[in-house]
Amino acid sequence: MKSYYGKCACGNAEYSITLPQDLSCYTPRACDCDFCTSRKVEYLSDSAGRIEIRSVLPLQRLKQGSNQATFLSCPTCATILGVAYITDKVSVGAVNATCLVDKAALQPAISASPKQLTAEEKVARWLMLWSSLKITEHG
C-alpha cells in the first residue's frame, strides 16, 4: 500500500489516499454531469484503498443529482476534494484526482456517466469502486 496526497487551492483542506497499486496504474473517472464538468473534477478510488480528508475548517457539503452522494469542498476556496456516500453502516468515497500532488503519474481520465444509472445502481457502483473514508474537520 502506498499513500498519495492532494490539497485544495488555498491549502486549508487536504487528503491522503492509500492505494494497493502504484498511482500510474490508475485511470481517474471524469463524470460528465454539469456539476463535475464545470469544476473539472476527476475521481480516483480503489475498493481496497483508504481515504482521509482533513480540513482546518468544517467542509462544505453539497448534494447533486440523486442527492445520495455528498460532495466535499473547502469552505474557503470551494475546491472539490472528493465525494462521499455515508450511512450508519458505511463510509466510502473518491477523491478529486486533479488535486493530487502527483497527478501527472495517473493515466488519462475516462468519461463516466452516472446520471444514466438508477439511484440503486449508483449506490451499488459506489460500494464496489469507492475507498473507505475518514473525515477530520476542525473549527
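These remarks concern the structure in this document. (Residues numbered from 1 in each chain as written. Predicted model: local features only at pLDDT ≥ 70, side-chain atom pairs only at ≥ 80, totals over all residues. Heavy atoms only, no water.)

Evaluated as defined, the whole model comprises five salt bridges. Note that Glu14 and Arg54 form a salt bridge whose closest N and O atoms lie 3.2 Å from each other. Here Glu14, found in strand S2 (residues 13-19), pairs with Arg54, found in strand S5 (residues 50-55); they are 40 residues apart in sequence, far enough to count as distant. A salt bridge links Glu137 to Arg61; the nearest nitrogen and oxygen atoms lie 2.9 Å apart. Of this pair, Glu137 sits in strand S11 (residues 131-137) while Arg61 sits in strand S6 (residues 60-63), and the two are 76 residues apart along the sequence. Among the ionic contacts, a cluster of salt bridges with common partners joins Glu14, Glu52 and Arg54. (Salt bridge = Lys/Arg side-chain N within 4 Å of Asp/Glu carboxyl O. Helix = DSSP H or I, 4+ residues; strand = E, 2+ residues; numbered from the N terminus.)

A separate point is the nonpolar core. The nonpolar side chains of a soluble globular protein tend to be buried, and buried together. Counting 22 residues, the largest nonpolar core has Tyr15, Ile17, Leu44, Ile53 and Leu100 as its most contacted members. In terms of residue count, S2 provides more of this core than any other element does, four residues in total. If sequence neighbours within four positions are ignored, Leu100 has contacts with Tyr4, Tyr5, Gly6, Tyr15, Ile17, Leu23, Leu44 and Leu106. In this structure, Cys33, Phe35, Val92 and Val123 belong to the second largest nonpolar core, which totals 16 residues. (Core = buried A, V, L, I, M, F, W, Y, C linked by side-chain atoms within 4.5 Å. Buried < 20%, exposed > 50% of the residue type's maximum accessible area, 1.4 Å probe, protein only. Contact = heavy atoms within 4.5 Å.)

Moving on: the environment of Lys7. Considering the arrangement of structural elements, one finds Lys7 in strand S1 (residues 2-7). The sequence separation of Lys7 and Leu81 amounts to 74 residues, and the corresponding C-alpha distance is 7.3 Å. If we ignore the near neighbours within four places in the chain, the residues touching Lys7 are Ala13, Glu14, Leu81 and Cys99.

The calculated volume of the largest pocket comes to roughly 440 Å³. Around the largest pocket sit 23 residues that line it, and Cys31, Cys36, Phe71, Pro114 and Trp126 are the ones nearest its centre. Those elements giving two or more residues to the lining of the largest pocket turn out to be strand S3 (29-31), helix H1 (34-39) and helix H2 (119-129). With four residues, the top contributor of residues to the lining of the largest pocket is H2. Per-class residue counts for the lining of the largest pocket are 15 nonpolar, three polar and five charged. (1 Å grid on protein atoms, 1.4 Å probe; cavity = no way out; pocket = protein on both sides within 12 Å on 5 of 7 lines; lining within 4 Å. Points joined across faces, edges and corners; volume = space filled by probe spheres on them. Nonpolar A, V, L, I, M, F, W, Y, C, P; charged D, E, K, R; others polar.)

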